[in-house]
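Here's the letter readout for the chains.
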Amino acid sequence: TLLSFITNKGPAQCGSTITADTTLSTNSIHTDAPEDWYSFTATVAGQHSFSTCGTSFSNSFIMMFERGTGPETIVQPFVAQANGLDNCPGGGSHETLIVNLAVGQSVWIMVSGNLLPNDIGSYVLTTVCPTDSPTQSPTSSPTTSPTTLSVTCTFTVDNFVTAVFYNDVNVTNNVTGDLRDWRSINTLTFDDVRHATIEILGEEDDGAAGSGCTESGLLMRCTGGSWEGFVSNTGALVQTFGSNTTFTIGTARVQTLSTPCTSTSGFNLGGTCTSCSKIWPSNGARFAYFSLAATTPPPTGSPTT
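In short, a report on the structure. For clarity, every value in this text was computed on a predicted model and none was experimentally measured. (Residues numbered from 1 in each chain as written. Predicted model: local features only at pLDDT ≥ 70, side-chain atom pairs only at ≥ 80, totals over all residues. Heavy atoms only, no water.)

1. Focus on the sheet that holds strand β16 (residues 238-243)
Stated formally: Two strands are said to pair when DSSP picks up at least two bridges between them. Working definition: helices are DSSP H or I runs of at least four residues, strands are E runs of at least two. Numbering for both runs from the N terminus.
Pairing in this open sheet of five strands is antiparallel, and the strands run β12-β11-β14-β19-β16 from one edge to the other. Only two strands of the sheet have a single partner each, and these edge strands are β12 (169-170) and β16. Bridge count for strand β11 (residues 160-166) against β12 is two bridges, and the pairing is antiparallel. Residue Y166 lies in a different strand from β12, and its bridge partner there is V169.

What follows is the structure, given as structure tokens:
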């Protein structure tokens, strides 16, 4: 399909959060709403995330197309879309598109309003990529494979979990349990990666702004690898950010983090962690971000980020 009049906003980059506006953009392929187009080429294989969470206009929409080898105005076959998922933390009619891409695969990312010509305005586009897999240099001598240790974490959030990341990758779909029910004991199992952190987004859905330290909380315990003996607490291994308005993982990662409060909310982790503290951002805000670090030095030979 030849689209010589697309609004090409340039390349999206791994780890970037782009702020832009569709007010002066054109419509070329989707509904009547103006569109912005971004080129992207995968440098690593695996799950890539493209999100408009935090966008201001009413209803955003993401589609992906292959890029051809010819002029940039040639849009090749459709790859994927996130229409109607509305899967951002805190709700709202915005979306996260998660797609597996191969190394060197080039695509177009199209961002627009969903239906009408006046569905325009400013938006954010956040790109999250998988990290490079560990590799070893060739050698003529026998080599020992990196030691891979399994870690299992159990946790819950009062009121609910909105997203979970490990080693900068969205692993929400790998969690077993009901993330929308604070009574559920949720479980995440992963391979230990040196220097990697766990990140959790949570929400208090019915408390007053500022009441998180009495009505909300995160409880977590982990076993295995460098996470052996980890429990949620108010020490230096756990840092938080809180806001009374929704935010993206990209936004949270650039904030100044702080030590959490110890929450007095009455929930528990099914009696499995009497040494765990219930924690929440110290400002008590409705929407919470937790950055959790391992308890011990990483084992020798573990994969690196």
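2. Considerations on the packing of aromatic side chains
A ring pair, where both rings are aromatic, is described by two values, the distance of the centres and the angle of the planes. Heads up, the condition is: Aromatic rings from Phe, Tyr and Trp, taking only the six-membered ring of Trp, are treated as a pair when their centres fall within 6.5 Å; an angle between ring planes under 30 degrees marks them as stacked, one over 60 as edge-to-face, and anything in between as tilted. Partly exposed residues are those whose accessible area sits between 20% and 50% of the maximum for their type, while under 20% is buried and over 50% is exposed, using a 1.4 Å probe and protein chains only. Placement of a positive charge over a ring is assigned whenever Lys NZ or Arg CZ falls within 6 Å of the ring centre and within 35 degrees of the normal to the ring plane.
Applying the stated rule across the entire model yields eight aromatic pairs. Judged by centre distance (5.2 Å) and plane angle (80 degrees), the rings of F40 and F50 are edge-to-face. In this pair, F40 is assigned in strand β3 (residues 35-41) and F50 in strand β4 (residues 46-51), connecting sequence segments ten residues apart. Exposure remark for F40: the relative accessible area of 2% places this residue in the buried category. Their ring planes at 65 degrees and their centres at 5.3 Å tell us that W227 and F230 sit as a pair that is edge-to-face. Taking the relative accessible area as the measure of exposure, W227 reaches 0% and is therefore buried. Look at F230 and you get buried, because its relative accessible area is 1%. These aromatic residues form a ring-pair network of at least three members: Y166, F190, W227 and F230. Directly above the aromatic system of F160 lies the positively charged group of R180, at a separation of 3.7 Å from the ring centroid.

3. Thoughts on the pattern of salt bridges
Pairing is possible between side chains that carry opposite charge, provided their charged atoms lie close to one another. Condition: Note on definitions: salt bridges are taken to be side-chain nitrogens of Lys or Arg within 4 Å of carboxyl oxygens of Asp or Glu.
What the rule picks out here adds up to five salt bridges. Between K9 and D36 there is a salt bridge; the shortest N-O distance is 2.9 Å. Taken together, the positions of K9 in strand β1 (residues 8-11) and D36 in strand β3 put the pair 27 residues apart, joining distant regions of the chain. What makes K9 partly exposed here is its relative accessible area of 35%. Members of the salt-bridge network, linked through shared partners, are D168, E199 and R253.

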